[in-house]
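Results of the structural survey
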2 protein chains.
Amino acid sequence: MNDNLLNYDVSNYRTPDGYTSDIAVFTIISTEVGQYKPPEKTLKIMLIKRTEKTKEGHSNVEGGKWALPGGFIKPEETAYEAAVRELSEETGITGLRIKHFGVYDQFGRDKRGWIISNAHYAIVPENKLVKRRAADDASEVELFSMDEVFQLDLAFDHKQIIEEALWFIKKDMSLTTVAKNFLPKQFVLSELQGVLLTVMDEPWLKLDAQFFRKAPSLPFIEKVVKDGVPQKTNRWSKNKAQLYRFNDFEPYVSIYNAKY
Amino acid sequence: MNDNLLNYDVSNYRTPDGYTSDIAVFTIISTEVGQYKPPEKTLKIMLIKRTEKTKEGHSNVEGGKWALPGGFIKPEETAYEAAVRELSEETGITGLRIKHFGVYDQFGRDKRGWIISNAHYAIVPENKLVKRRAADDASEVELFSMDEVFQLDLAFDHKQIIEEALWFIKKDMSLTTVAKNFLPKQFVLSELQGVLLTVMDEPWLKLDAQFFRKAPSLPFIEKVVKDGVPQKTNRWSKNKAQLYRFNDFEPYVSIYNAKY
DNA sequence: GCAATAGTGTCTTTTAGACATTATCCT
DNA sequence: AGGATAATGTCTAAAAGACACTATTGC
């Protein structure tokens, strides 16, 4: 047996000073830009502004900075449960699909000591965010675009966490059909394109000719047809466009047989 | 509010008669076929043979049939914890990565009543299976190839569960680099090809010319180079072959930009 | 007709597929 | 040299990319 193990003395080892849970809440917001134009879609992240003073009147750590919603995990909670609770307390949002994606435990990431954070992310349709509010030790809640967020002086190592959350969002959007959560049941190709472009920026997505050629044969969407008649809409343009819906095909693509 | 909800009477509704956890344990076994030839690899699944009689001496349900290891979940357990425990009890295997993949709750799937099963799967390197043994209410433990397993008269709806587990295994192998768990740290392209072929059967994998051309540029593997000299081995052939290793790149491929 | 979005035609470039060929090297 | 596996060359077929073009329709 290793000598080091025999000489182990628990008091020589430091235990974490805190165990927290943070949540990166992403949403795609639509801004109307004209009568026929489809709304412009932007990926935004929700941040809270940390108060300058705690409830007890002490000056708050990283007070005044923008941060991910989150907080300390209670002893009887899991990190996931804490994420759900904190999000509800700080922003009033409930009922989201929340996913754990990483642990941030580098010593020095929090000036208060050795604080471990479990990072989660959620992708939320815009309408779930309407009744957001500031509460608790968050003084303000606001949505920021990705451009904006990386200009801010963020609390702790939240910049890094957001960067990595963004990577997971992209992955989720690419690998799964989550995009459907941001679209009406029946949608038009340009709407799908808009959602995908908020997160991905592959060239073929941007070029209409390529996207419109390829998209119709994606195996997980299908044309909406009623009594043999393809259903169309002109909700976004004078020219009627074919409606599509997601079917229940679950696609996956081999990493061994792809372009990189 | 819906009238049906107002008239709800709990006694009108049946509660499940049992809540179980089953595990499909897959492994890739290698059989030596010659001095230089790389061993032939086959995907196998571990099944247990149900005893004819219970410990109490009653005749066992589906006794004598081959079945997935598993059993009833204890009240204080999660389905996952039960899967881990059952696998250890019935086969002596511990320390595996086990994943939940489905719930089987169709009435009639178990003659004893309404029994809900949480299905899990695990992909295990062959060396973890060496000390497997039969225990408890399993009289025998054996590995079957996919061809064999679907010939058997399996207990309950385990045939269906295995079919779906197989789908998930393929997905896992395709989407992640789990393949590395079946290879030495440093491996040769034909070894990688062998592992992939146990699960996938895409044509380009089978054609050496295509596989050997494409594989070297997969972004998640790299040539083993020492002091600028590419390292080679002749462990499988008289001709030396380049050694590769997995790097820590985490690949993913968009479902929107793939061939189907 | 104009403007704006939807969708196609067609050419070029790139990649995949098939199979023959060469390269290496242990016995 | 023989035999076996590793790897490349080369031709053909298919798919992706680029961009011009046509189609539809409300105003």
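Refer to the structure presented above.
The notes below deal with the structure included here. (Residues numbered from 1 in each chain as written. Chains lettered and ligands numbered in written order. Predicted model: local features only at pLDDT ≥ 70, side-chain atom pairs only at ≥ 80, totals over all residues. Heavy atoms only, no water.)

Near DNA strand C you find 23 residues, and of these A:R213, B:L207, B:A209, B:Q210 and B:N239 are the closest. Restricting the count to atoms of DNA strand C within 4 Å of the protein gives a sugar and phosphate share of 66%. Between DNA strand C and the protein, one listed contact pairs a phosphate oxygen with a backbone N or O atom of A:Q242 at 3.0 Å. Within the residue set of the surface near DNA strand C, elements represented by two or more residues are α7 (208-214) and β13 (241-246) of chain A together with α7 (208-214) of chain B. The class makeup of the residues in the surface near DNA strand C is nine nonpolar, seven polar and seven charged. (Near = heavy atom within 4 Å. Polar contact = N/O pair within 3.5 Å; in protein donor to acceptor, adjacent residues only side chain to side chain. Helix = DSSP H or I, 4+ residues; strand = E, 2+ residues; numbered from the N terminus. Nonpolar A, V, L, I, M, F, W, Y, C, P; charged D, E, K, R; others polar.)

Here we take up helix α2 (residues 79-91) of chain A. All names here are of chain A. With 13 residues, α2 ought to run about 18 Å at 1.5 Å a step, and its terminal C-alpha atoms sit 18 Å apart, in line with that. Taken as a whole, α2 has its buried residues at A79, A82, A83, R85, E86, L87, E90 and T91. Downstream of α2 by a residue or two, G92 has a phi angle that is positive, lying close to 80°. (Expected span 1.5 Å × (residues − 1). Buried < 20%, exposed > 50% of the residue type's maximum accessible area, 1.4 Å probe, protein only.)

In screw terms, the move from chain A to chain B is a rotation of 179° and a rise of 0.0 Å along the axis, fitting with an RMSD of 0.0 Å. The superposition operator between the copies reduces to a two-fold rotation axis. Of the C-alpha atoms belonging to chain A, the one lying closest to the rotation axis is found on A:V253, 3.1 Å away. An overlap of 100% is found between the interface residues of chain A and their copies at the interface of chain B, pointing to a shared contact surface. (Least-squares fit on C-alpha atoms with pLDDT ≥ 70 in both. Contact = heavy atoms within 4.5 Å.)

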